[in-house]
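Here's the letter readout for the chains.
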Amino acid sequence: MDYLTDDVIHRVLNGMNIGTQASRPAVKYVNGEYWGLVNIRDRIDNNYLANHFEVDPDEVIMLNAPWGNSSSANVEYGSNRDVEEYRKLFRLVTEGAIEEKETYSQVTTQLDVLSYIDYVIAFVYFNNVDWYGHKHFRFWKSKIIADKEFQDGKFRLIVWDF
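Attention in this report is confined to the structure presented alongside it. (Residues numbered from 1 in each chain as written. Predicted model: local features only at pLDDT ≥ 70, side-chain atom pairs only at ≥ 80, totals over all residues. Heavy atoms only, no water.)

Focus on the sheet that holds strand S4 (residues 75-77)
Ordered by their spatial adjacency, four strands build an open sheet running S4-S3-S5-S6, and the pairing between neighbours is antiparallel. Each of the sheet's edge strands pairs with one partner strand only, and the pair in question is S4 and strand S6 (156-159). Within the sheet, the average angular offset between the axes of one strand and its neighbour, ignoring direction, is 30 degrees. Against the sheet, helix H2 (residues 46-53) touches strand S3 (60-64), S4, strand S5 (137-142) and S6, its axis set at about 120 degrees to S3. Of the strands in this sheet, S5 and S6 touch helix H5 (residues 113-125), which is tilted by about 25 degrees from S6. (Pairing = 2+ DSSP bridges. Helix = DSSP H or I, 4+ residues; strand = E, 2+ residues; numbered from the N terminus. Axes fitted to C-alpha atoms, helices over the stretch in contact; angles between N-to-C directions. Contact = heavy atoms within 4.5 Å.)

Brief notes about helix H3 (residues 83-95)
Over its 13 residues, H3 extends 18 Å from the first C-alpha to the last, a length consistent with the 18 Å expected when each residue adds 1.5 Å. Close packing links the buried residues of H3 with S3, S4, helix H4 (101-110) and S5. (Expected span 1.5 Å × (residues − 1).)

Quick word on H5
Look at H5: 18 Å from first C-alpha to last across 13 residues, which is about the 18 Å you get at 1.5 Å a residue. In the segment just after H5, Asn127 is the residue with positive phi, at about 50 degrees.

Focus: the packing of aromatic side chains
Taken as a whole and judged by the stated rule, the model has 13 aromatic pairs. Relative to Phe150, the ring of Trp140 lies with its centre 6.3 Å away and its plane at 40 degrees, an arrangement referred to as tilted. A residue pair is termed long-range when its members are at least 10 positions apart, and Trp140 in strand S5 and Phe150 in the loop between S5 and S6 qualify at ten residues. For the pair Trp140 and Phe150, a shared accessibility class is recorded, and that class is buried. A network of ring pairs unites the aromatic residues Tyr86, Phe90, Tyr116, Tyr119, Phe123, Phe137, Phe139 and Phe155 as a single cluster. Over the aromatic face of Phe155 sits the side chain of Lys141, whose NZ or CZ is 5.0 Å from the ring centroid. (Phe/Tyr/Trp six-rings, centres within 6.5 Å; stacked < 30°, edge-to-face > 60°. Buried < 20%, exposed > 50% of the residue type's maximum accessible area, 1.4 Å probe, protein only. Lys NZ or Arg CZ within 6 Å of the ring centre and 35° of its normal.)

Here we look at the pairing of strand S2 (residues 33-41)
Here eight bridges tie strand S1 (residues 23-30) to S2, and the two strands are oriented antiparallel to one another. Across the sheet, Val30 pairs through a bridge with Glu33, a residue of S2.

Concerning a nonpolar patch on the surface
Where nonpolar side chains cluster on the molecular surface, the patch consists of Leu4, Val27, Tyr29, Tyr34 and Leu37 and spans about 530 Å² of accessible area. Among the elements of the structure, S1 and S2 are those that each provide at least two residues to the nonpolar patch. In this fold, Val27 is placed in strand S1. (Patch = residues over 30% accessible without salt bridge, like charges linked within 9 Å, V, L, I, M, F, W, Y side chains within 5 Å. Areas by Shrake-Rupley, 256 points an atom, 1.4 Å probe, with all protein chains shown as cover. Salt bridge = Lys/Arg side-chain N within 4 Å of Asp/Glu carboxyl O.)

And the structure:
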């Protein structure tokens, strides 16, 4: 899809339980020569999390498109050992009997299930054909557990690039 379509999709998804990128089109000139339209977009980083979810930017875990057991190379914010938080969740979902109440209950303490559902809906509905379940998203969570909406220890998703 082109950049303008990507912007429209993010605007449609804005009310869902996933992080999206705000953007605005701009005309690009290089040395006075017209180079076309571009989108100026939110940068997805720890400051994005602070601005959109009111969490401490120095106390977050953000993983870029983790898949399978992932690796420390996927850690964008946090420490390399923080990938173990994701691995624990991944193993629970893939090796546990998720249809059982106890296992599902454990999953819901580690994952914002509505965020995951909205992520899958978005990618399927908008036919993101190069997604394959392992690209164009970030998992994130606050390391601080508090009585605030996004400080509950659950992983959530941010999407980009439709």
